[in-house]
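Results of the structural survey
Next come the chains, spelled out residue by residue.
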Protein chains: 2
Amino acid sequence: MSIKQFEKLALIGLGLLGSSISLAARKSNCVRMISGADHNTTTRATALSLGLVDTVHEHPADAVEDADLVILCVPVGCFRSVAKSISSRLKVGAIVSDVGSVKSSVVMDVMPQLPEGIHFVPAHPIAGTERSGPESGFAALFDGKWCILTPTDATESAAVASVTAFWQLLGSNVQVMSAAHHDLVLAITSHLPHLIAYNIVTTADHLERISNAEVIKYSAGGFRDFTRIAASDPTMWRDIFLKNKEAVLEMLGRFTEDLTDLQRAIRYGDGDRMFQIFNKSRKIRQGIIAAGQDADVADFGRSSHQS
Amino acid sequence: MSIKQFEKLALIGLGLLGSSISLAARKSNCVRMISGADHNTTTRATALSLGLVDTVHEHPADAVEDADLVILCVPVGCFRSVAKSISSRLKVGAIVSDVGSVKSSVVMDVMPQLPEGIHFVPAHPIAGTERSGPESGFAALFDGKWCILTPTDATESAAVASVTAFWQLLGSNVQVMSAAHHDLVLAITSHLPHLIAYNIVTTADHLERISNAEVIKYSAGGFRDFTRIAASDPTMWRDIFLKNKEAVLEMLGRFTEDLTDLQRAIRYGDGDRMFQIFNKSRKIRQGIIAAGQDADVADFGRSSHQS
C-alpha cells in the first residue's frame, strides 16, 4: 500500500466544493478513503453513485469518525452548529478545516466548539462556478487557483504545513494571511461583485417599460456577464453577507460614493472626469492578465472565432 | 462580375467595429470595394496593410465619394461633425448608417446635416469585445448577434430593407424599434453594466489597506469578470454616457434604490430578504441560457476542464 497524506478525509457538505475536493483528492491519490455527509437525501445518493465518497452519512458526526482531515463544505451560516455536532466524535490529533468564503466569523463560530487536541486550519479556496450540487464538481476546479489559509495564533505550524501540502496536491497555490485581512480583500474581490451582480439583475427585473425577454435578448451588451455570477447559490451568498457584514458594508459605502461621483459627472456632462476614471480602469485589467489570473482573449462577445 | 449588394462601402472609423465590418463584408462578398477613413495615421496604415480597405483617407469626406453605403464607426460624440463634413460629398441616393450605441442623440446629430436624397438608417450591432483598434477586428464578430435598426418616420422602407439585408449577410439577426426604446433597453443591458464595472475597479483602486496587486491576485472570486468590460474604450464610453444621459440616470437611480434595499438587509441581518432577491436573480440567468445568448458552461472559474 502506498503512503497517503491522509488515511481518511471527511467532507461535510457534498455540493460543488465538496465534490470537487473529492475528485481532486482522488486524482492526486493523497487520501485512502473519503467519507461524506449531507443533509439532503438526493445529494447523498448522487455522491455515492458518482463514487465521490466511500461512505455517506446524514449526520456530520457519523462522517468524522476516525478522519484525519475534516473539511466543512457547507454554507458558513451552518458552521457553528456543525462544529458543535462533530466535536465529541473527532479523532484526537485530527485537523478541521473548511472552504468558507468568510474567515473571521468562521474562527469565532468553529474554534470554541473544538476540544483540546484538535487542529483548526481555516481555509478558503478562491475557486468556484455558478453551479451547485454534487454533479457540478470537477477535479480541475482548483488548478492554478489561490487557496488562502488563515491560521490563528493558536494553530500549530505542522497542521498549517499539512493543509498547505494538501491544497498544493489539489493544484492550488497557497497563501497565508490573517482572517481580518482575508475578509477585507474578499469583500472587494468577490463579495461586492456578487452583491452588485445580484442587484443589477433585480433592477432589470423591476422595470415596467422593458420586459425580461428584451433584457435577455440584448444581454450580450454587458448585462450577460453579470448574470453569470448572479446565478450563484443564494443560501451560500446570504450567509456570506450576514457573516462578513462590516467589511461588505465598508466596501459598499465606498462603491456608492464613487458611483455618486460618476453620476454627477454624467448629470453635469463632465466628459473629462469620466474619461480619466475609465482610462485608469484599463490598467487594473492589464495587471490581471499579466498576473495570469485571466486569459487575454476577447471573451466578451464569446464568439466562435476563438476556442 | 458577380452582382454585389453595394458597389462601394465607406467605413468612417477603422477601430474594432469598422475593421470587423470590413472583414465580415469581404467574407460575405457583398461589396465590390471598401474605402475607409480614420484620423489616426497609424490606424490608416494598419488598415491598409491588413487589406481592410482598398483606399484609405484622413478626411471622411474623401472616403464617402461614390459610396452607396456609408457607416459611421467613430465614437458617437463625433457624429455631428463627421455628418456635417461628409454631407456635401455624399452620392445622391446613398445610405448613411452607423454603429452607435445610442440612437436618439444620433438621429438628432446626423439627420439635420444630411441633404435631400440621402437615406439615413441608424443601426446598432450589439457586438463587441473589450479590445480596440484595427487589428482587433474579426469577421465572426456579428455571427448570431442582434443588430437593432431605429429608422425614423422619414426613413424609406427600401433603405431599411437594404441595411437589414446587409447585416443579415454579416451574420446578424435584425430587429427594428424606436430610437427612444433602444436607448432605454441598452441603458440597462449595456450602459449601466459598463458604468458599474468601471466604478468597482475605481473603488478597488482607492483602497488604502489593500494593494492593487492583492486585488489582482484574488480577482478570480468575481472581480475579474467586471474588469473585462471595464477595459473597453474610454472615449467611446464617455460619449455613450454623455449622449444617453437621461436613460442612464434613470437606470442608475433605480439601481441605487435597489442597492440601498440590499444594504439595509445586510445591516439589519435580514437573511430572508437577501435569499428572496438572490434566488430570483437565478431565473433571469436561466432565461439567457434558454434564449441562446450565452453558453451554459461554468465559465466563472475559466478552468481548463472545458474548452
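Residues numbered from 1 in each chain as written. Chains lettered and ligands numbered in written order. Predicted model: local features only at pLDDT ≥ 70, side-chain atom pairs only at ≥ 80, totals over all residues. Heavy atoms only, no water.

A few points about the side chain of Ser219 of chain B
Note the threshold: A run of H or I in DSSP becomes a helix once it reaches four residues, and a run of E becomes a strand once it reaches two; helices and strands are each numbered from the N terminus. For the exposure calls, accessible area comes from a 1.4 Å probe over protein chains only, and a residue counts as buried if that area is under 20% of its type's maximum, exposed if over 50%, partly exposed in between.
In this structure, Ser219 of chain B sits in the loop between α8 (212–217) and α9 (223–229). Looking at Ser219 of chain B, the relative accessible area reads 0%, which means it is buried.

Some words on the packing of aromatic side chains
How we decide: We call Phe, Tyr and Trp rings a pair once their centres come within 6.5 Å, taking the six-membered ring for Trp, and we label the pair stacked below 30 degrees between planes, edge-to-face above 60, and tilted otherwise. Here, a charge over a ring is recorded when the distance from Lys NZ or Arg CZ to the ring centre is within 6 Å and its angle to the ring normal is within 35 degrees.
Counted under the stated rule, the structure contains 15 aromatic pairs over all chains. Seen in terms of ring centroids, Trp237 of chain A and Phe241 of chain A are 5.7 Å apart; in terms of plane orientation they differ by 40°. Their pairing is tilted. Of the two residues, Trp237 of chain A and Phe241 of chain A are both situated in helix α10 (residues 234–243); the distance of four residues between them amounts to about one turn of the helix. The pair formed by Trp237 of chain A and Phe241 of chain A is uniform in burial state, with each residue classed as buried. Put simply, the rings of Phe6, Phe142, Phe166 and Trp167 of chain A touch in pairs and so form one group of aromatic residues. Above the plane of the ring of Trp146 of chain B lies Lys217 of chain A, whose end atom (NZ or CZ) is 4.2 Å from the centre.

Here we look at the pairing of strand β4 (residues 69–72) of chain B
Residues and elements named next belong to chain B. Our working definition: At least two bridges found by DSSP between two strands is the condition for calling them paired. Seen with the strands pointing away from the viewer, any crossover whose path from the first strand over the helix to the second strand runs clockwise is right-handed.
Burial along β4 is two-sided: the residues Leu69 and Ile71 and Val70 and Leu72 are all buried. As paired elements, strand β1 (residues 6–12) and β4 share four bridges and run parallel to each other. When the bridges of β4 are listed, Leu11 appears paired with Ile71. Direction of pairing for β4 relative to strand β5 (residues 95–98): parallel, over a ladder of four bridges. Pairing of Ile71 across the sheet is with Ser97, part of β5. Handedness of the crossover is the feature at issue here: the chain leaves β4, passes through helix α4 (residues 79–86), returns alongside β5, and the resulting connection is right-handed.

Section: the sheet that holds strand β4 (residues 69–72) of chain A
Residue and element names in this part refer to chain A. Stated formally: Simply put, an axis is a line fit to the C-alpha atoms, just over the touching stretch for a helix, and the angle between two N-to-C directions goes from 0 to 180 degrees. Between two residues, a contact is recorded if the distance between any of their heavy atoms is within 4.5 Å.
Taken in spatial order, the six strands of this open sheet run β3-β2-β1-β4-β5-β6, and their pairing is parallel. Both edges of this open sheet fall to β3 (55–57) and β6 (119–121), since each of them pairs with a single strand only. On average, each strand axis in the sheet is inclined to that of its neighbour by 20°, with strand direction left out of account. Here helix α1 (residues 16–28) sits on the sheet in contact with β1 (6–12), β2 (31–37) and β4, set at roughly 165° to β1.

Some points on the sheet that holds strand β7 (residues 123–125) of chain B
Residues and elements named next belong to chain B. The strand order β7-β8-β9 describes an open sheet built from three strands, whose pairing is mixed. With partners counted over all chains shown, the strands left at the sheet margins are β7 and β9 (173–176), one partner each. Strand-to-strand twist in this sheet, taken as the mean axis angle between neighbours without regard to direction, amounts to 20°.

Quick notes on the state of the cysteines
Among covalent bonds in proteins, the disulfide is the one between the sulfur atoms of two cysteines. So the rule is basically this: By convention in this document, the label disulfide applies to cysteine sulfur atom pairs within 2.5 Å.
Tallied over the entire structure, the rule returns zero disulfides over all chains. Summary of cysteine pairing: Cys73 of chain A is not part of a disulfide, and the nearest cysteine sulfur, belonging to Cys147 of chain A, is at 11 Å.

Focus: the interface of chain A and chain B
Basically, it comes down to this: Accessible area that two parts lose when put together, with a 1.4 Å probe and added across both, is what the buried area reports. Whenever a carboxyl oxygen of Asp or Glu lies within 4 Å of a side-chain nitrogen of Lys or Arg, that contact is scored as a salt bridge. The definition of a polar contact used here is a pair of N or O atoms within 3.5 Å, where within protein one atom must be able to donate a hydrogen and the other to accept one, and adjacent residues in sequence count solely through side-chain atom pairs. Ten residue types, Ala, Val, Leu, Ile, Met, Phe, Trp, Tyr, Cys and Pro, are classed as nonpolar, four, Asp, Glu, Lys and Arg, as charged, and the remainder, Gly among them, as polar.
Facing 109 residues of chain A, the contacting portion of chain B comprises 109 residues. Taken over both partners, the interface formed by chain A and chain B buries close to 10700 Å², and the fraction arising from carbon and sulfur atoms is 67%. Across the contact surface, chain A and chain B share six salt bridges. Among the salt bridges present, the one from Arg254 of chain A reaches Glu208 of chain B, with a minimum N-O distance of 2.7 Å. Counting across the chain A and chain B interface gives 28 residue pairs in polar contact (both at pLDDT 80 or more). Only β8 (146–149), α7 (179–206), α8 (212–217), α9 (223–229), α10, α11 (245–267) and α12 (271–290) of chain A provide two or more residues apiece to the side of chain A that touches chain B. With 21 residues, the single largest contributor to the side of chain A that touches chain B is α7 of chain A. A breakdown of the residues in the side of chain A that touches chain B according to their chemical character gives 51 nonpolar, 31 polar and 27 charged.

Topic: the packing of α11 of chain A against helix α11 (residues 245–267) of chain B
If you want to describe how two helices pack, look at the angle between their axes and the distance between the axes. For the record, the criterion: Angles below 35 degrees are treated as roughly parallel, those above 145 as roughly antiparallel, those between 65 and 115 as roughly perpendicular, and all remaining angles as oblique. Here a crossing is called left-handed whenever its near helix is offset anticlockwise from the far helix by less than a right angle, and right-handed whenever the offset is clockwise.
Two elements in contact, α11 of chain A and α11 of chain B, have axes separated by 11 Å at closest approach and are oriented at 165°. Taken together, α11 of chain A and α11 of chain B sit at an angle that is classed as roughly antiparallel. Crossing hand, α11 of chain A versus α11 of chain B: left-handed. Contacts from Lys245, Val248, Leu249, Leu252, Phe255, Thr256, Leu259, Gln263, Ile266 and Arg267 of chain A in α11 of chain A reach Lys245, Val248, Leu249, Leu252, Phe255, Thr256, Leu259, Gln263, Ile266 and Arg267 of chain B in α11 of chain B.

As for the relation of the copies chain A and chain B
The condition that has to hold: Copy-to-copy alignment: least squares on C-alpha atoms, limited to residues at pLDDT 70 or above in both.
In the superposition of chain A on chain B (RMSD 0.0 Å, axial shift 0.0 Å), the rotation amounts to 180°. What the superposition gives is, in effect, a two-fold axis relating one chain to the other.

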